[in-house]
Each structure stands twice: as C-alpha cells, then as structure tokens.
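Structural features, examined
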Amino acid sequence: MRAVDAVMECLKAEGVEVVFGLPGGANLPTYDAFVNGGLRHILVRHEAGGGHAAEGYAKATGKVGVAFATSGPGATNLITPICDAMMDSVPVVFITGQVRTELLGTDGFQEADTIGITMPVVKHSFMIQRPQEIPRAIHEAFHIARSGRPGPVLVDIPQDLSRAEIDYEPVTDLRLPGYQPRVEGNQKQIRQAAKALAAAQRPVIYAGGGVVNAEASDELVEFATSDRFPVTCTLMGLGAFPAPHAQWLGMLGMHGTRAANYAMDEADLICAVGARFDDRITGKLSEFAPRAKFIHIDVDPAEISKNVPAHIPIVGDAKHVLAKLLIEYRAIAAEPERLAAWWTRIEGWREKYPLAFQDSSDNEIKPQYMVQALHEATGGEAIVTSDVGQHQMWAAQYYDFPKPRRWINSGGLGTMGFGLPAAMGAAVACPDRIVCCIAGDGSVQMNAQELATCAQEQIPIKVFIMNNGYLGMVRQWQELFWDGKYSHVETGEFPDFVKLAEAYGATGMRFEDKTTLVQDMKRAIETPGPVLVDVRVTREENTYPMIPAGQAAREMVG
Amino acid sequence: MGEPGTKEPLSLEELEASTNMRTGRKHVLSILVENKSGVLTRIAGLFARRGFNIDTLTVGPTDDDQVSRVTLTVDGALHPIDQVTKQLHKLINVLKIRDLEPADTVARELALFKVSADGTQRGELMQIAEIFRGKVVDVTKRAVIVEVTGTTDKIAAFEDMVRPFGLIEMMRTGEIAISRGRSET
Ligand SMILES: Cc1ncc(C[n+]2csc(CCOP(=O)(O)OP(=O)(O)O)c2C)c(N)n1
Ligand SMILES: [Mg+2]
C-alpha cells in the first residue's frame, strides 16, 4: 500500500480518534489517504490552532494528541504549540509534510528545515529518509510522546516518500535502545524519604503537573491524607489534589496564596512531586525555602537538582513512587501530633490572608467574581481552559478544581491564544463534559479563527472573555514596576466580540451585570454549539497576592 | 533491604544535598550514539541552548557501524557535569555516556604544527620534535610540519616550545579517550 495509507493504519493502531490539521502541497498524499482512512480529521483554520487543539485533547485525556501540517509555513505555524507542549510535557505527535527529496536543501518552494527549526523544542523528531521507515517512526513517535516525561514528537515526511508503495506490516516491536525511562523509583531512596517525612515537623507536599501526567492524583491524596501533610500545587498541578480540602493550601508561586508560599518559606522538609522548581515558584532562588531539605520525585532525572539541590532524589513517576512511599510511611506509624504546631501556624495564615477581593458595590463585574460565577454556573464540574494573563491567574485562584485534567492552560511557555483551541480539543475529547474557556480579550484574538472550526464541526465550547480592554497582565506590571506609565497595552473597544462570534457562525453574547451573571452564564452554557461571551469586567483590577519577579516569598504584596 | 518500617529514625539534620554542582576539573565524556542523521546537531544544539561550552569534540566510527562515538571535553569548573550528562541522556539517540576517570583513562590528541624554520633553525626544531616524540612530516625551504600525538598538556607544551620559531599554523583534532583495563569504555 502507499506509505500514507500505512500512516492511517498506524494511527488507528495507536488508538487515535481524531487528527487536527490543515493540508497543503507537501501533504496532499496524506490528505488523499484521509478520504478513505477511517479516521476523524478536523480541519482547523490555522495550524497553531490545530496544535493547541491536539494539546487540549491530550491534557483532557492523557492520550496522545495528533496534529498535521504541510511543509514550510504549515510547519512553522506549529512551532508555538510544539514549544508549548515541550514546556508543559504534553504528549503530542506532529506530522508534517516536507518537500520532495530531490528538492531538499535547494530552498525549494515551501521548504523549511522543519527538523532543524524544531530540534530545540521537541522531545524527539524523525526525518524520514526511506518510505519503509514510516510505520516504525510513527509508532516510536507515539511511544516516546506518551512515556516517561511526556512531550512533543515530530515526524517530517517528504512528499515523494509519503506517496511511495511499501510493504506494510504492523509494527510490534520498538527499537529505541537509548530510551528507557525509569518509572519505579529506588526503594532505598523511597524508604529514606518516608523516614524524613516521619521526622519532619514542618513538611509541605509541593505537587506539579507530573502528578497529573502520571495519573497519580489518587495516590497523592491517599499519601497526603495518611498523615496531615499540607499540600500545595503548581499552576500545572491544580486538580491533582482536590480543592477545597482541609489539607489544601492553595496554589503556590508568584500568584499563589500566602498560606502556600509562607509554608514553603518556613518548611523544614519539602516533598516535590512532579514539579520542577520553576522561577515562578521559587522567586529569588537564594532565598527560596531557606530552612528546608528536599525530597524530589520526578520521572525526568535531569529535573532533579537542576535548580534546587535535592537531599533525597527519587527518579520515578509519581504514581509508582507515591504508592510505594505510602506503604513505607504507614509502616513507620509516625506521630501525627508532631504536626499540630505547624497546622496552628498554617491556620493562622489562612485566617489572616484568605484569597479575597473587594467586590463592587454596584453591578460591575469584578474579574474574580466572574470566575466564582462560572464555578457556580457549572457546579464546579467543567473542564476549564484559559489563555495567558490576569484572567488565567484568577481562574487558577478562584475556580477550585476538584479533579485532575479539569484545568488546561499554558504554564511554561505562557502562550496567549492557547485557550480557545485547547478548549476545542478538550471538547472533542470529552463530548459529555461542559468545556469552558476563560479567555483574555487580548489572547482570544490570537486564535479566534478556530471558532469557525467549532461552528462547522459543532464543537460546543463556551468561551467567556474576561474583557478588561487591556493586555491586563502587562498593564499591571507597568502600573506596579514601570511607574504607572502605560505603553501599548490598551485594546479598547475592538473587535465587537458579539459580531465576531456571529460572523464565525457561533452565538455571541455580552454580559455586564453581576446580579444576573450566574443565570446569564447558565444560559450561555445551555445554548447549543459554540458560544463566545464578552464579559465586561473592571478594567484596572490587579492580580494579587503577588511575589514580584525575582523576590522572595516573604516579599508578597497585595 | 528489609521490611518497611524498620526503625532507625532519621534526623533531617543528617541529610546532605546529593549533587555537587561543580567539580572544578576537566571531564572527558565518552558518548556512544546511534548513527542517525542529525545526532551531532542534537548534541551541539543541546550544549548551546543550555549554555554549556564544549572544549573539544571528536566523532568517529566504532566497531559497530550502527554506532558512533563522540568524545567531548567539558570544563567541570564552569558547568555542573551531572546536569550536562543528564541532559545528554535525554537525547533519544544517545546510548551510553561515560564520564571517564582521569586516572583510568588513556587520552590522546593529534596535532600538526607548521613552523617557520630556515636552514639554521631546522636542526634545533627537529631536536625538540624528537624529545616530544614528534615526527617531521614535511620540510620546505622556509617551513617544517611536525606531527605530535599525546595528551592535551603535552601538545600545549610543544606549542610553547615552537612558538618562538614562528608558528604559522596549528591544527588539533581534539581528544579521544579509552578506558584502561579489560572493560569497554
Ligand atoms: C503570544 C504572547 N505574546 C505576548 C505575551 C505577553 N503577555 C503576557 S500576559 C499578556 C496580556 C494578555 O492580555 P489578555 O489576554 O487581555 O489577558 P488579561 O491579562 O487582560 O487578563 C501579554 C501580552 C504572551 N504571554 N504571549
Ligand atoms: Mg485583557
């Protein structure tokens, strides 16, 4: 059969349900194979939308997302989603067309060195050189994308090779001698960690996206509640530990709660699970958690001691390691009373500094209230995606995610325009769930074209734009750190989002009154098909609390 | 290793951070890689992106034509070697990395020196070459080419010696290294 028909077979064998993509010259053969390929393909309006949709699909399910693009500009349009997937460890396979082999290296029409351009931001990539390599490359790509620390894998297929006839036989073995992720965790180290936890007077569990990736939320909850360990999660880990919960401190980091950040600051032992000590967490590294010893559990050995030296390093995935840690910890029968003083201290912070905002005295919608209203309108049960900016931080702070894979956002790269296409991917993955996007008025315009895709495919995402008429997060930094001089942050009145929605074949709405907001949101959610809502909120509200960049947790403001 | 719960309580004070950040010496990394297109670019790109400097780099075939060997020297005073090797290991085509112990390693580099030397100086230059077990591989009226093999230090010492004659050009291959004893590098 043709190599491209084999690609279809490989994708089906990998359990792929849907591909997001957009055709062009170099992948015309591939698109011909879709005609009778037996796979669902969703035609996006921009490859970046397709890439982020594949990420949203992957984040909502844990399965590998798939995005296709043609050579040259199609492939370069994928760079942002590829990089985003790398930073947030999202399993996505990207398959790009390439010019014919005889044109390679000649600056042929729509030739771009896709392998070269993407090399720094992929987990791995395959440049196909012989057509019979294609099936194996596809399977290896899926294996690499989903195993170990997940990430993006790219397969670049020259057009002539994709058309070639090959003897297709299902691939059952993988030949990756240099790739053997370790997931189990060293038993001796795990025992050492259990002992350290039993000895700790002021422990904190600091959990990240790795817990979500490893499907280890149950193990985390069970371990944390086997004693009264306080738990905080990173932006990527939200939902891995249920909020609210007696042991939940809230998110930590730049816009985390004081309880979480102060607990890290005073802890004597921090147990990091699937988290990577990003600068948005540590602030000033030299003053980060100065009294703490560190247990660091991560499936990627290179993360351990990269930023903060670990005292007990454990290479393994959160699911395996936490299960074993629980057994070891239970066997020690630690004295729970030793944590009483610590909890008194934490309760003090919780009472004194709860997450709070000054609500309006009229009908004005405060952005924080908008998130609370969405929580109420959805019963806290929606999958929520977001863009990047103030609205993202408020969504993270105020939605209270009860389960993992409910919160889908761009953390590491901070990609504006992520939310809408990611919601599209999540909605395709989870047709029975309500999928909402809390978007920024600036960000949403970076991938608004996918509303047309949603309208055409009847993908019923509900996009709530937190419209402050500003690139709000940048405005906030200019206000706080650049003498209040605003430079190019005002987005003003354009576009008219209701009209834009209608032009794309979606339903447009505008909400401006807080007293009816919950009801209005319910109405939007009940409206069939894609809905884009322009929610007018306070224009110059700041996201607090905040650790100014490069400062220590103690220096939190607001 | 015994049963869970073995009582031997631990004090947090005892815990030491596991990794040293800087070793302060030169490291020779011997890396086996799959012989696939782009492997060297992946390695070089990784070093550039993470801000690690490569001091020398050599690539060559091994007795297995599917596998090549990259020998790379890095300054452990500037870079956390542990982080360098862990990042290298993440490359799918990297099969094996050995951070060679200087005492258990034979390392060699080949260098060619083109030195200006007329009739009067030639004799002295050849004597120096002999002391360094170098070979004169080309002689013209006004220049001599000397081939020297040895450790990086030896080659540097030879360079110091011939510089006063007028060093026209020098070429060095970068080190290759092999572990002593019976076991494979
Ligand atoms: C693609 C991209 N460009 C620029 C930025 C820098 N940036 C971070 S937040 C932000 C403002 C986003 O504005 P909006 O979407 O309206 O969100 P708000 O902060 O107002 O809630 C900008 C420009 C970014 N993160 N991503
Ligand atoms: Mg805005």
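Scroll up to find the structure.
What you are looking at is a predicted structure, and each value in this text was computed from that prediction instead of being measured.

Parameters and conventions
- Residues numbered from 1 in each chain as written.
- Chains lettered and ligands numbered in written order.
- Predicted model: local features only at pLDDT ≥ 70, side-chain atom pairs only at ≥ 80, totals over all residues.
- Heavy atoms only, no water.
- Donors = N, O, S within 2.8 Å, 3.2 Å for Na, K, Ca; no water.
- Buried < 20%, exposed > 50% of the residue type's maximum accessible area, 1.4 Å probe, protein only.
- Salt bridge = Lys/Arg side-chain N within 4 Å of Asp/Glu carboxyl O.
- Helix = DSSP H or I, 4+ residues; strand = E, 2+ residues; numbered from the N terminus.
- Contact = heavy atoms within 4.5 Å.
- Buried area = accessible area lost by both parts, 1.4 Å probe.
- Nonpolar A, V, L, I, M, F, W, Y, C, P; charged D, E, K, R; others polar.
- Near = heavy atom within 4 Å.
- Polar contact = N/O pair within 3.5 Å; in protein donor to acceptor, adjacent residues only side chain to side chain.
- Areas by Shrake-Rupley, 256 points an atom, 1.4 Å probe, with all protein chains shown as cover.
- Pairing = 2+ DSSP bridges.
- Right-handed = clockwise from strand over helix to strand, strands pointing away.
- 1 Å grid on protein atoms, 1.4 Å probe; cavity = no way out; pocket = protein on both sides within 12 Å on 5 of 7 lines; lining within 4 Å.
- Points joined across faces, edges and corners; volume = space filled by probe spheres on them.

1. Considering the coordination of the magnesium ion (ligand 2)
Residues and elements named next belong to chain A. Around the magnesium ion (ligand 2), the donor atoms from the protein are Asp 441 (OD), Asn 468 (OD1) and Tyr 470 (O), and they sit 2.0 to 2.1 Å away. Spacing between the donor residues of the magnesium ion (ligand 2) along the chain follows D-x26-N-x1-Y. Residues Asn 468 and Tyr 470 agree in their burial class; the two are buried.

2. So, the pattern of salt bridges
All names here are of chain A. Under the definition given, this model contains 49 salt bridges over all chains. For Glu 303, the salt bridge is made with Lys 306, and the minimal N-O distance between the two is 3.1 Å. A relative accessible area of 6% means that Glu 303 is categorised as buried. Using a relative accessible area of 22% as the deciding quantity, one classes Lys 306 as partly exposed. With its nearest N and O atoms 2.7 Å apart, the salt bridge here joins Arg 475 to Glu 479. Of this pair, Arg 475 and Glu 479 are both found in helix H20 (residues 472-481), 4 residues apart, which corresponds to roughly one turn of the helix. The class of Glu 479 is partly exposed, set by a relative accessible area of 30%.

3. Thoughts on the interface of chain B and chain A
Across the contact, 34 residues belong to chain B and 38 residues belong to chain A. Approximately 3,000 Å² of surface area, both sides summed, lies buried where chain B meets chain A, with 59% of it carried by carbon and sulfur atoms. At the junction of chain B with chain A, the criterion picks out 1 salt bridge. Across the pair Asp 300 of chain A and Lys 90 of chain B runs a salt bridge, and its minimum N-O distance is 2.5 Å. Breaking the side of chain B that touches chain A down by element, the ones donating at least two residues are helix H1 (39-50), helix H2 (81-89) and strand E4 (94-100) of chain B. Residues that form the side of chain B that touches chain A fall into these classes: 11 nonpolar, 12 polar and 11 charged.

4. Some remarks on the site of ligand 1
Residue and element names in this part refer to chain A. The full set close to ligand 1 counts 17 residues, and Gln 390, His 391, Gly 414, Ser 443 and Gly 472 are the nearest of them. Asp 441 places a polar side-chain atom, nitrogen or oxygen, 2.9 Å from an oxygen atom of ligand 1. Note that an oxygen atom of ligand 1 is positioned 2.9 Å from one of the backbone N or O atoms of Met 473. The fraction of the free accessible surface of ligand 1 (580 Å²) that becomes covered by protein chains is 75%. Elements that contribute at least two residues to the shell around ligand 1 include exactly helix H17 (390-398) and H20. Broken down by element, the shell around ligand 1 gets its largest block of residues, 3 residues, from H20. For the shell around ligand 1, the residue count by class is 7 nonpolar, 9 polar and 1 charged.

5. Concerning the pairing of strand E6 (residues 152-158) of chain A
Residue and element names in this part refer to chain A. Taking burial as the measure, the 7 residues of E6 include 7 buried ones, the bulk of the element. Here E6 shows no split at all, with Pro 152, Leu 154, Asp 156 and Pro 158 on one side and Val 153, Val 155 and Ile 157 on the other all buried. Strand direction decides the pairing type here: strand E4 (residues 92-98) and E6, joined by 7 bridges, are parallel. Paired with Val 92 across the two strands is Pro 152, which belongs to E6. Handedness of the β-α-β unit built from strand E5 (residues 124-127), helix H7 (residues 134-146) and E6 comes out right-handed.

6. Concerning empty space enclosed by the protein
Over the atoms a probe the size of a water molecule is rolled, and this reveals where empty space is left. Residue and element names in this part refer to chain A. According to the stated counting rule, one finds 5 cavities of 30 Å³ or more in the structure shown. Estimates place the volume of the largest cavity at around 80 Å³. Lining of the largest cavity is provided by 14 residues; of these, Asn 261, Ile 281, Thr 282, Phe 288 and Ala 553 occupy positions nearest its centre. Looking at the lining of the largest cavity element by element, the count peaks at 3 residues for helix H12 (residues 258-266).

Shape is all these values report; function is a separate question.
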